[in-house]
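Given next are the chains, with one letter for each unit.
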Amino acid sequence: SSERKGKSRTPSYLTFDDIGGQDRAKNELKEALDFLIRHEEIRKFGIRPLKGILLTGPPGTGKTLMAKAAAHYTNSVFVSASGSEFVEMYVGVGASRVRDLFKEAKTRAAKENKESAIIFIDEIDVIGGKRDGGQHREYDQTLNQLLTEMDGLHSNETPRILMIAATNRKEMLDSALLRPGRFDRHIQVDLPDKKGRMHILNIHSKNKPIAEGASMERVAGETFGFSGAQLESVMNEAAIYAMRDDLPVIEQHHFSRAIDKVMMGEKTDREATM
Ligand code: ATP
């Protein structure tokens, strides 16, 4: 899988095995995705098709990775946008951007010969925040367009479209978004426990030379409360320290320094660090 991933931070082709920890969330998500896959049975039983899944949880825990893995798992095209892309736009542009997203999903599915599409919207709270009677009219139009598009989805159309949205502020969302037939399936993506952290560290150490004496279990033990994104930074920073020391492998003390650095919340812009 390391060749597939190349250098990109969030590769476009990704499986659930590339996501560390999150066993419960992964299982819940796969269970929900079976609704997309087993659409004929769903229809036979008269079950309301699933249109929207909401991933909630702190930043950097792998919500975007989950959405990408979902696309691979269901053999769907993956189209994505971030809620923040819809702001600072003229009135009406946000709504037309929503229409474009759905169009793009359809066009790409047709072109790539896929029967389903997943549209992922990160930071959904930016456009889907509680409507407060007129203060944010331009966002209202965007949100209304999204709701209209979702209400118009039918399981007997090709491609079948599933929406996945992510937020770390679920309590901020307008209740209209959470109604049955919209984002009515919620999956919590939590910070990883120690076992999860080990798993994530192992995933991100695959392409790195690590000293034999270095213990990932120790690193996992010292990173309580770290997100997957922070653990990825620890790995990267440790590698930079080892390289600066002109050593062929990453040693335990490099990890300790990297943990301190990430814990201090220093910006880890790797280009700048290099
Ligand atoms: P945000 O809410 O900030 O958008 P997110 O939950 O969508 O965050 P991702 O974008 O999926 O987080 O993760 C950011 C990066 O952190 C990933 O590209 C990956 O390198 C790393 N990462 C996060 N969680 C995991 C995980 N569970 N397993 C492996 N890597 C992870």
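Thresholds, definitions, all that
Residues numbered from 1 in each chain as written. Predicted model: local features only at pLDDT ≥ 70, side-chain atom pairs only at ≥ 80, totals over all residues. Heavy atoms only, no water. UniProt positions renumbered as here; feature names shortened; annotations may be inferred. Pairing = 2+ DSSP bridges. Helix = DSSP H or I, 4+ residues; strand = E, 2+ residues; numbered from the N terminus. Axes fitted to C-alpha atoms, helices over the stretch in contact; angles between N-to-C directions. Contact = heavy atoms within 4.5 Å. Near = heavy atom within 4 Å. Polar contact = N/O pair within 3.5 Å; in protein donor to acceptor, adjacent residues only side chain to side chain. Areas by Shrake-Rupley, 256 points an atom, 1.4 Å probe, with all protein chains shown as cover. Nonpolar A, V, L, I, M, F, W, Y, C, P; charged D, E, K, R; others polar. Parallel < 35°, antiparallel > 145°, perpendicular 65-115°, else oblique. Left-handed = near helix turned anticlockwise from the far one by under 90°.

Per an unreviewed UniProt entry, the protein is named AAA family ATPase, and its organism is Paenibacillus oceani. Its UniProt record gives the protein the following Cofactor (unreviewed entry) comment, quoted word for word: "Zn(2+)".

Q: When you look at the sheet that holds strand β3 (residues 116–122) in this model, what are you seeing that I'm missing?
A: Strand pairs in the sheet, formed through backbone hydrogen bonds, run parallel or antiparallel to each other. Ordered by their spatial adjacency, five strands build an open sheet running β2-β3-β4-β1-β5, and the pairing between neighbours is parallel. Unpaired on one side and paired on the other, β2 (76–82) and β5 (183–188) mark the two borders of the sheet. Sheet twist, expressed as the average angle between the axes of neighbouring strands with direction ignored, equals 20 degrees. The strands touched by helix α2 (residues 23–37) within the sheet are β1 (52–56), β2, β3, β4 (160–167) and β5, with β5 carrying the most contacts at an inclination of about 155 degrees. Strands β2, β3 and β4 of the sheet are contacted by helix α5 (residues 93–111), whose axis makes an angle of about 160 degrees with β2.

Q: How do you make sense of the site of the ligand when you look at a structure like this?
A: Taken together, 19 residues sit near the ligand, with Gly-20, Gly-60, Lys-63, Thr-64 and His-204 positioned nearest. With respect to the ligand, the backbone of Thr-61 contributes an N or O atom lying 3.1 Å from an oxygen atom. Within the side chain of His-204, a nitrogen or oxygen atom sits 2.8 Å from a nitrogen atom of the ligand. Burial of the ligand by the protein amounts to 88% of the accessible area it has alone, namely 630 Å². Every element with two or more residues in the shell around the ligand is listed here: α4 (63–73), α9 (194–205) and α11 (228–244). Of the residues that constitute the shell around the ligand, the class distribution is five nonpolar, nine polar and five charged.

Q: What's the story with the packing of α11 against helix α12 (residues 252–263) in this structure? I'm lost.
A: When two helices pack together, their arrangement is given by the angle between the helix axes and by the axis-to-axis distance. Axis separation between α11 and α12 bottoms out at 8 Å; the angle between their running directions is 130 degrees. Regarding the angle of α11 to α12, the classification is oblique. Between α11 and α12 the crossing geometry is right-handed. In contact with Gln-230, Ser-233, Val-234, Met-235, Glu-237, Ala-238, Tyr-241 and Ala-242 of α11, α12 contributes His-254, Phe-255, Arg-257, Ala-258, Ile-259, Lys-261 and Val-262. When grouped by side-chain class, the residues that make up the contact of α11 with α12 number nine nonpolar, three polar and three charged.

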